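The lines below spell out each chain.
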Amino acid sequence: MSTPSPQTLRLTYRHLYKAALAAVQYTVPARYTVREKLRTAFRFTPASHYNERRISNTLDFLHTAAKKRGLEHKLVKNLCMVHYYQLSYRKKRQIGKTGGVPPNAYNSYLENLGLLNESMDLDLR
């Protein structure tokens, strides 16, 4: 499998961003979470890991989440909320406030997300 061109990566980023915004209905905390997750994924993942089939399946999943308010929509919404609260906990920890959920509490969450990605051939993060 060859490395995709920068234009292909840019187009993929735009398609994923647009579909994810529609899936979360442009709500305030979720749209910023989606943007942050996509930026991180495209900045720090090498282009050699680009898999067109997984991207296509993820786009279909996000389009379904945008059209129907079923399981897909709830999954995307909950993924965004978990990431949002994870970031807010990190910020509070840096400021010096204590409390909240310890970072190792997300281990089972990450395992379940990995199993979902593997079983449905998706690329959710």
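Scroll up to find the structure this text is about.
Residues numbered from 1 in each chain as written. Predicted model: local features only at pLDDT ≥ 70, side-chain atom pairs only at ≥ 80, totals over all residues. Heavy atoms only, no water.

Trainee: Looking at this model, I keep getting lost on the overall build of the protein. Mind explaining?
Mentor: Secondary structure summary: the protein contains five helices and zero strands in total. N-terminal to C-terminal, the α/β element order of the protein is α-α-α-α-α. With 125 residues in all, the protein has 29% of them scored as buried. Just so you have it, the protein exposes about 8600 Å², and 55% of that area is on carbon and sulfur atoms. (Helix = DSSP H or I, 4+ residues; strand = E, 2+ residues; numbered from the N terminus. Buried < 20%, exposed > 50% of the residue type's maximum accessible area, 1.4 Å probe, protein only. Areas by Shrake-Rupley, 256 points an atom, 1.4 Å probe, with all protein chains shown as cover.)

Trainee: Quick question: what am I supposed to make of the packing of aromatic side chains here?
Mentor: What describes a pair of aromatic rings is the distance from one ring centre to the other and the angle between the planes of the rings. One pass over the structure, following the stated rule, counts four aromatic pairs. Note on Tyr-13 and Tyr-17: the rings are 6.0 Å apart at their centroids and 20° apart in plane angle, and the pair reads as stacked. With Tyr-13 and Tyr-17 both in helix α1 (residues 6-23), this residue pair falls four residues apart, about one helical turn. The exposure class of Tyr-13 is partly exposed, given its relative accessible area of 21%. Taking 5.3 Å as the distance between ring centres and 75° as the angle between the ring planes, the aromatic pair formed by Tyr-84 and Tyr-85 counts as edge-to-face. Each member of the aromatic cluster is reached from another via a ring pair, and the members are Tyr-13, Tyr-17 and Phe-42. (Phe/Tyr/Trp six-rings, centres within 6.5 Å; stacked < 30°, edge-to-face > 60°.)

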